[in-house]
Amino acid sequence: MMADKITMDCLILAAGNASRFGGCKQLADWQGRPLLATSIATARTLEPAQIFVVGGAFYPQLLQAQPELEAKSKRFTDRPIELLEFPAWKLGVGNSLAFGIKHLQNSNPVLVLLGDQPLISAQDLRNLYRAWCKNPGKIACASFANTLGVPAIFPAHFKARLYECRGDRGAKNLLLRYTNQVVPVAMPSAEFDIDTPADLTTYLKKSFRGSHLSLSNNKYLKATIK
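For the structure given in this document, a descriptive report is provided here. If you're wondering where the values come from, they're calculated on a predicted model, not measured in any experiment.

## Focus on empty space enclosed by the protein
Here is step 1 of the chain: Applying the stated rule across the entire model yields one cavity of 30 Å³ or more.
Here is step 2 of the chain: Volume-wise, the largest cavity comes out at about 60 Å³.
Here is step 3 of the chain: Contributing to the lining of the largest cavity are Thr 38, Ser 39, Thr 42, Leu 113, Leu 114, Gln 117, Pro 118, Ile 120 and Leu 125.
Here is step 4 of the chain: Breaking the lining of the largest cavity down by element, the ones donating at least two residues are helix H1 (35-44) and strand E6 (110-114).
Here is step 5 of the chain: Of all the elements, H1 adds the most residues to the lining of the largest cavity, at three residues.

## Things to note about the nonpolar core
Here is step 1 of the chain: Counting residues in hydrophobic clusters, the biggest one holds 45 residues, and the most contacted among them are Ile 12, Leu 36, Ile 40, Ile 51, Val 53, Leu 111 and Leu 128.
Here is step 2 of the chain: Beyond its immediate sequence surroundings of up to four residues, Leu 36 is in contact with Ile 12, Ala 14, Gln 26, Val 53, Leu 62, Leu 69 and Gly 115.
Here is step 3 of the chain: Listed in part, the 26 residues of the second largest apolar core include Leu 13, Ile 101, Val 112 and Phe 154.

## Structural notes on H1
Here is step 1 of the chain: The element H1 is largely enclosed, with a buried count of nine among its ten residues.
Here is step 2 of the chain: Looking at H1, one finds that the buried residues are Leu 35, Leu 36, Ala 37, Thr 38, Ser 39, Ile 40, Thr 42, Ala 43 and Arg 44.

## Some words on the environment of Val 150
Here is step 1 of the chain: Here Val 150 lies in strand E8 (residues 147-154).
Here is step 2 of the chain: For Val 150 and Ala 171, which are 21 residues apart along the polypeptide, the C-alpha to C-alpha distance reads 7.2 Å.
Here is step 3 of the chain: If sequence neighbours within four positions are ignored, Val 150 has contacts with Val 112, Leu 114, Gln 117, Ala 142, Phe 144, Ala 171, Leu 175 and Ala 190.

## Describing the layout of surface pockets
Here is step 1 of the chain: Quantified by volume, the largest pocket comes out at close to 860 Å³.
Here is step 2 of the chain: Listing elements by their share of the lining of the largest pocket, those giving two or more residues are strand E1 (9-14), helix H4 (93-102), E6, E8 and helix H7 (171-177).
Here is step 3 of the chain: When grouped by side-chain class, the residues that make up the lining of the largest pocket number 13 nonpolar, eleven polar and nine charged.

## Points about the environment of Ala 142
Here is step 1 of the chain: You can see Ala 142 is positioned in strand E7 (residues 139-144).
Here is step 2 of the chain: On the basis of relative accessible area, Ala 142 is assigned to the buried category, the value being 0%.
Here is step 3 of the chain: Spatially, the C-alpha atoms of Ala 142 and Ile 153 are 9.4 Å apart, while their sequence positions differ by eleven residues.
Here is step 4 of the chain: In contact with Ala 142, other than residues within four places in its own chain, are Leu 128, Thr 147, Leu 148, Gly 149, Val 150, Pro 151, Val 185, Met 187 and Ala 190.

Criteria and thresholds
Residues numbered from 1 in each chain as written. Predicted model: local features only at pLDDT ≥ 70, side-chain atom pairs only at ≥ 80, totals over all residues. Heavy atoms only, no water. 1 Å grid on protein atoms, 1.4 Å probe; cavity = no way out; pocket = protein on both sides within 12 Å on 5 of 7 lines; lining within 4 Å. Points joined across faces, edges and corners; volume = space filled by probe spheres on them. Helix = DSSP H or I, 4+ residues; strand = E, 2+ residues; numbered from the N terminus. Core = buried A, V, L, I, M, F, W, Y, C linked by side-chain atoms within 4.5 Å. Buried < 20%, exposed > 50% of the residue type's maximum accessible area, 1.4 Å probe, protein only. Contact = heavy atoms within 4.5 Å. Nonpolar A, V, L, I, M, F, W, Y, C, P; charged D, E, K, R; others polar.

Structural data, given as structure tokens:
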């Protein structure tokens, strides 16, 4: 357990329909487990009090796969994730974020993550957490490719602003609006997310340092491609 750990919650956004991917990318195979499970496992290294996952377009599939998403590290005593259904996911990531924040009406800071950034490591999140602990009144966020983005840790008093997010304007919009309240943390891995099957193959190669995992064995991709 992290010394002098501050209690925080975690919100993972995974509500989109992954139109460019052609299927349920949240459950695409990443090193033998669902892509979303990778984000959950990484978040758990910070031992959050609770983890909420916002599902939408593929909520039924995520619910069915929850045992696989719950795969826990033996190093941590974890509470089950809370899978939320956001029926209005078509409204955009901002609305999905606001919907999730509505379920976190407490005094805990919140770590906001995406479910499709598998290259983000436990060390990345530890660096983010340590930076935030030094400035707990501010937002600690990833800095990459000359911009700001998630993962980000928001103090509780920013939840009202997060709840106001709408449409395609999510957490990034807030980070760019309140730059004087942001502590940037260098995180090159945050530049990469999975939008297409080609991205999945490319980033798996990066992760495996040149090895290749075929998409032909991806049961979730095959099951959801129309």
